[in-house]
Amino acid sequence: MSHNTLEVSTSTQSAGPGPTEVIVDPNPDLYHIDRIQRDCPHFRILIMGRANAGKTTILQKVCNVKPDTKPIVYNKEGKKIKSSWFKKATKMRGDHNLEHQITYKSSAFIFHDSCGLEAGSKEELQRVQDFISERSSHTQLKEQLHAIWYCISLDNDRPVTSADEDFFKDYAGKAPVIVIFTKFEALTIKRWIPGDQNPTQTAQNYVEQYYIPLIGGTARAHVYLSRMNEPKKQCPELTDETARAIDDTVLLRVFVMAQRNNIQLLVKQSIWDNIPEKKTDIDNLQIFDYSTMNHIARPFLQWSNQKVCCHERLTQQQALI
């Protein structure tokens with residue numbers, strides 16, 4: 001087998017449908033894992049949204065920290081500072097400086113918080129636009145803005161404001177925008193009528209009809225998050241859609257490495273690299289045995305001390321068709 005190729009074995013000699021083997025060279029030049037980690041050790045995200053939109057909870061879930069975990073905040077120059085950014089949810093604004101870099105211990109993510117746009121505030125919109133433009137002008141990948149998560153809470157009477165519409169209409173940045181409809185359960189309850197057998201779909205249809213047109217074609221993806229306050233609730237759909245929205249190969253690997261605890265995403269990335277045309281239907285991939293996860297995820301884990309083995313029970317119908 002040549003380097004940087006994926007070999008799929010579907011031998012019919014064995015009795016019954018055996019597992020499909022997806023084997024990736026553990027040391028391919030294609031990946032440049034060490035160099036990527038050195039040149040861009042963090043994935044930088046601007047998270048936007050009004051107060052109580054669930055932004056802090058999302059960051060905690062993505063970084064896999066407990067709800068009472070305080071973030072680490074640095075100023076633009078990278079000096080650790082004291083900040084009131086983390087505090088109990090309130091309608092009042094805390095310390096939201098766009099230049100402040102927010103992260104958590106052992107996390108490979110850096111976040112910037114815009115605090116949300118107020119209707120009619122041209123200065124605030126301009127401040128966000130200037131920040132995005134300034135980050136886009138950096139030549140070093142690690143200093144650039146890599147993605148924007150735009151949170152829209154559906155428990156408001158008017159989830160999408162005129163300020164939100166102005167942002168999407170005027171957005172000219174390079175970073176992909178992913179819209180996160182938070183507190184989706186509130187809209188599900190609000191739109192439910194007696195006899196509705198699929199209230200979730202009803203609520204999604206409502207968003208597609210009334211809110212998606214307001215944000216135009218700027219957003220590359222949108223996701224629905226419900227009941228994120230529940231301890232065991234996670235948001236894998238957000239990380240999956242963010243990965244899909246990234247069209248730069250190196251940047252995608254930076255994101256995947258930042259998600260080093262997300263084994264499912266590591267496996268998907270390895271398959272995307274080798275069968276890029278399957279990026280849209282890779283959700284059919286099913287993980288059956290984490291204890292033997294080896295060849296697929298290894299290229300993305302060799303730069304750390306993590307040892308993961310993989311044996312995917314993939315059939316042509318599940319992964320390649």
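Up top is the structure these notes are about.
Residues numbered from 1 in each chain as written. Predicted model: local features only at pLDDT ≥ 70, side-chain atom pairs only at ≥ 80, totals over all residues. Heavy atoms only, no water.

### Some details on the overall build of the chain
Check the secondary structure of the chain and you find 11 helices and 11 strands. Taken across its 321 residues, the chain has 45% of its residues classed as buried. Restricting to contacts in the chain with at least 6 residues of sequence separation, those with at least 24 account for 67%. Surface exposure of the chain reaches about 16700 Å², of which carbon and sulfur atoms provide 48%. (Helix = DSSP H or I, 4+ residues; strand = E, 2+ residues; numbered from the N terminus. Buried < 20%, exposed > 50% of the residue type's maximum accessible area, 1.4 Å probe, protein only. Contact = heavy atoms within 4.5 Å. Areas by Shrake-Rupley, 256 points an atom, 1.4 Å probe, with all protein chains shown as cover.)

### Here we look at unusual backbone geometry
Phi is positive for Asn64, close to 60°, though the residue is something other than glycine. Relative to the assigned elements, Asn64 resides in the loop between α2 (55-62) and β4 (72-74). Positive phi is not limited to glycine here, since Lys183 has a value of about 50°. Among the secondary structure elements, Lys183 is positioned in the loop between β9 (177-182) and α5 (184-191).

### Quick look at the state of the cysteines
Scanning all chains against the criterion turns up zero disulfides. Cys151 forms no disulfide, and the closest cysteine sulfur to it belongs to Cys235, at a distance of 9.9 Å. (Disulfide = S-S within 2.5 Å.)

### With respect to the environment of Phe43
As for its placement among the helices and strands, Phe43 is situated in strand β3 (residues 43-48). Linking Phe43 and Gln259, residues 216 residues apart in sequence, is a C-alpha distance of 9.6 Å. Beyond its immediate chain neighbours, meaning those up to four positions away, Phe43 contacts Ala108, Phe109, Ile110, His146, Ala147, Ile246, Leu251, Val254, Phe255 and Ala258.

### So, the pairing of β9
Most of β9 is tucked away, with six of its six residues classed as buried. Residues of β9 alternate between two faces, with Val177, Val179 and Phe181 on one and Ile178, Ile180 and Thr182 on the opposite face, all of them buried. Bridge count for strand β8 (residues 147-153) against β9 is six bridges, and the pairing is parallel. Bridging across to β9, Tyr150 finds its partner in Val179. Between β8 and its parallel partner β9, the chain crosses via helix α4 (residues 162-170), and the hand of that crossover is right-handed. Sheet topology note: the β9/strand β10 (residues 221-224) ladder contains four bridges and is parallel. The partner of Ile178 across the bridge, within β10, is Ala221. (Pairing = 2+ DSSP bridges. Right-handed = clockwise from strand over helix to strand, strands pointing away.)

### Focus on helix α3 (residues 122-136)
With 15 residues, α3 extends 21 Å between its outermost C-alpha atoms, agreeing within 8% with the 21 Å of an ideal straight helix rising 1.5 Å per residue. Residues of α3 that are buried: Glu124, Leu125, Val128, Phe131, Ile132 and Arg135. Buried residues along α3 cover an arc of 125° about the axis, so they all sit on one side. Every exposed residue of α3 that faces more than 90 degrees away from the buried side is listed here: Lys122 and Glu123. (Expected span 1.5 Å × (residues − 1). Arc of directions from axis to C-beta.)

### With respect to the nonpolar core
Of all hydrophobic cores here, the largest spans 38 residues; its most connected members are Phe43, Ile58, Phe109, Phe111, Trp149, Ile180 and Leu238. Setting aside anything within four residues of it in sequence, one finds Phe109 in contact with His42, Phe43, Ile45, Val62, Cys63, Ile102, Thr103, Phe255, Ala258 and Gln259. Residues Leu46, Phe167, Val179 and Leu187 belong to the second largest nonpolar core, which totals 31 residues. (Core = buried A, V, L, I, M, F, W, Y, C linked by side-chain atoms within 4.5 Å.)

### What about the pattern of salt bridges?
Across all of its chains, the model carries 10 salt bridges by this definition. With its nearest N and O atoms 2.8 Å apart, the salt bridge here joins Asp113 to Lys55. In this pair, Asp113 sits in strand β7 (residues 109-113) while Lys55 sits in helix α2, placing the two residues 58 residues apart along the sequence. For the pair shown, Asp113 and Lys55 are each scored as buried. Put simply, Asp247 and Arg220 hold a salt bridge, and the shortest N to O gap is 3.3 Å. Placement of the pair is Asp247 in the loop between α7 (236-245) and α8 (249-258) and Arg220 in the loop between α6 (199-210) and β10, with a sequence separation of 27 residues. Residue classification places Asp247 among the exposed positions, given a relative accessible area of 63%. Look at Arg220 and you get partly exposed, because its relative accessible area is 41%. What emerges from the salt-bridge pattern is a single network uniting Arg35, Arg38 and Asp39. (Salt bridge = Lys/Arg side-chain N within 4 Å of Asp/Glu carboxyl O.)

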